[in-house]
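# Residue-level structure breakdown
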Amino acid sequence: MRRWIRRGAIGVGLVVVVAGGVAWGVYAKLDSNITPDEAAAAELARYEKERPTSLVRGAQNILVIGSDSRAGSGNRRYGKDSGTERSDTTILLHLSSDRRSATAVSIPRDLMVDVPGCRRSDGRRSEPMFAMFNYAFQVGGSACTVRTVERMTNIRMDHHMVIDFHGFKEMVDALDGVEICLSKPIDDKAAKLRLPAGKVTLDGEQALGYVRARKSLGNGSDTDRMDRQQRFLAALVHKAQSNDVLLNPVRLYPVLDAATSSLTTDPALANLRGLYELARGVRDIPTERVQFLTVPRESYVYNSNRDQLVEPEAERLFERLRIDAPVEVVNSTEKSRGSARGSSHRRSSDEDHKSGTKGSDEPAGSTSPAPTFRGSTAAENPCG
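Residues numbered from 1 in each chain as written. Predicted model: local features only at pLDDT ≥ 70, side-chain atom pairs only at ≥ 80, totals over all residues. Heavy atoms only, no water.

Going by what an unreviewed UniProt entry lists, the protein is known as LCP family protein and is assigned to Streptomyces osmaniensis. Looking at the protein in UniProt, the text filed under Sequence similarities (unreviewed entry) is "Belongs to the LytR/CpsA/Psr (LCP) family." (UniProt positions renumbered as here; feature names shortened; annotations may be inferred.)

## Comments concerning the environment of Asp203
Locating Asp203 in the fold gives a position in the loop between strand 11 (198–202) and helix 5 (204–212). For Asp203 and Glu179, which are 24 residues apart along the polypeptide, the C-alpha to C-alpha distance reads 9.1 Å. Residues contacting Asp203, with those up to four places away along its chain left out, are Val172 and Asp173. Among the polar contacts listed, one links the side chain of Asp203 to the backbone nitrogen of Glu205, at a separation of 3.2 Å. (Helix = DSSP H or I, 4+ residues; strand = E, 2+ residues; numbered from the N terminus. Contact = heavy atoms within 4.5 Å. Polar contact = N/O pair within 3.5 Å; in protein donor to acceptor, adjacent residues only side chain to side chain.)

## A word on the environment of Asn33
With respect to the helices and strands, the residue Asn33 is situated in helix 1 (residues 2–33). Its relative accessible area of 17% is what places Asn33 among the buried residues. For the pair Asn33 and Leu272, spaced 239 residues apart in sequence, the C-alpha separation works out to 9.5 Å. Not counting residues up to four positions away in its chain, the partners in contact with Asn33 are Asp257, Thr260 and Ser261. Of note is the side chain of Asn33, whose polar atom sits 2.7 Å from the side chain of Asp257. Within the local environment of Asn33, its side chain forms a polar contact with the side chain of Ser261, the two groups lying 3.2 Å apart. (Buried < 20%, exposed > 50% of the residue type's maximum accessible area, 1.4 Å probe, protein only.)

## Remarks on helix 2 (residues 38–46)
Buried residues of helix 2: Ala40, Glu43 and Leu44, and no others. The arc enclosing the buried residues of helix 2, seen along the axis, measures out at 100 degrees, which places them on a common side. Within helix 2, the exposed residues directed more than 90 degrees away from the buried face are Ala42, Ala45 and Arg46. Tucked inside the fold, the buried residues of helix 2 contact helix 3 (135–153) and strand 7 (159–163). (Arc of directions from axis to C-beta.)

## Remarks on the state of the cysteines
Taken as a whole and assessed by the stated rule, the structure comprises one disulfide. The residue that forms a disulfide with Cys118 is Cys144, at a sulfur-sulfur distance of 2.1 Å. On the S-S bond that ties Cys118 to Cys144, the torsion sits near 75 degrees, and the link is right-handed. Highlighted residues: Cys118 in the loop between strand 5 (112–115) and strand 6 (129–132) and Cys144 in helix 3, separated in sequence by 26 residues. Classification of Cys118 by relative accessible area gives buried; the value is 2%. (Disulfide = S-S within 2.5 Å.)

## As for the packing of aromatic side chains
Tallying each qualifying case throughout the model produces four aromatic pairs. Considering the side-chain rings of Phe130 and Tyr300, the 6.1 Å spacing of their centres and the 55 degrees angle between planes classify their relative orientation as tilted. With Phe130 in strand 6 and Tyr300 in strand 14 (residues 297–300), this pair connects stretches of sequence that are 170 residues apart. The partly exposed category is assigned to Phe130, whose relative accessible area is 42%. Relative to Phe232, the ring of Phe168 lies with its centre 5.7 Å away and its plane at 45 degrees, an arrangement referred to as tilted. Of this pair, Phe168 sits in helix 4 (residues 165–174) while Phe232 sits in helix 6 (residues 222–241), and the two are 64 residues apart along the sequence. Here Phe168 falls in the buried class, since its relative accessible area comes to 17%. Through pairs of rings, three or more aromatic residues link up here, namely Phe130, Tyr300 and Tyr302. A cation over a ring is seen here: Arg147 above Tyr47, with NZ or CZ 3.6 Å from the ring centre. For the cation-ring pair, Arg228 lies above Tyr210, with the distance from its terminal atom to the ring centre recorded as 5.6 Å. (Phe/Tyr/Trp six-rings, centres within 6.5 Å; stacked < 30°, edge-to-face > 60°. Lys NZ or Arg CZ within 6 Å of the ring centre and 35° of its normal.)

Written out as structure tokens, the structure is:
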């Protein structure tokens, strides 16, 4: 009997060791997938004294940058590699200190902003310039983009992450596609996208075309494109939060592998522990408190094909995020707020802000209502 017990114990021990070795191998692979953005960290450290100070302990602001680089695996099919890259999509993601809400603010790539002097990839430094927002990423990469956003908003970016076309596609495919609903068919040759009306599950290639297309979808404006991106992200949140993915290791591993392989992040996030701590804090946020909106803006006074911030609405939004105060969103179909200045065909849906009534999460004793912005939440179902 003792011999069988001893053999059984040895067998269990071997299983534990083997399982532990497999688990460590998986962890090590995923951990090594992430690329730390050391150059950006060094550049940001150089300008530490001029960067904003975090005002609320526990609140997090993460700058998510979608790169349009044609370099790398699978990206050259989307155009010629000119040796530079721009930020195709940029989102300021604010996580509340109590992790009861997440607010994703899209920043238009055509927004006219003050871009500081930044270190170029060849080591030279650019001159400060008033230019389109995505010029910051082209001239100085993620560090320049972070500094530009911080100057514009006076909000400290705690982290940043960059994902390219290939990484985006891999993420969607790892989730076995993302379901959306279309009011009419899509046939966009430039985006290589052909889809029927109704409920459609997009694979990675289709999803990339859907979020990037401009010419044949909607009114052709960047406004419409960002609205479409936000709707897709809401659908992505639904899929990622489903138990079929998050609680199934067989399905979860390829998602994690795709996610980590596609990311370049600040060094603090460039490991599984850092990403896990971030994900653990947001996994229980209800979908109705995952909000999407676009920074209040209108046509640039000197060029209707460019954007400028609408004040004081933009500063009101930035201030709420700085102090971790509630922000409310309302769907544009529920409440119309009139047209913004500029080209009507380009800005027909560019109604970004309205003063609202106090939200249910407004802190006790507050004397001012939570402002309401045009936007949406992950709980809204376009197929409903």
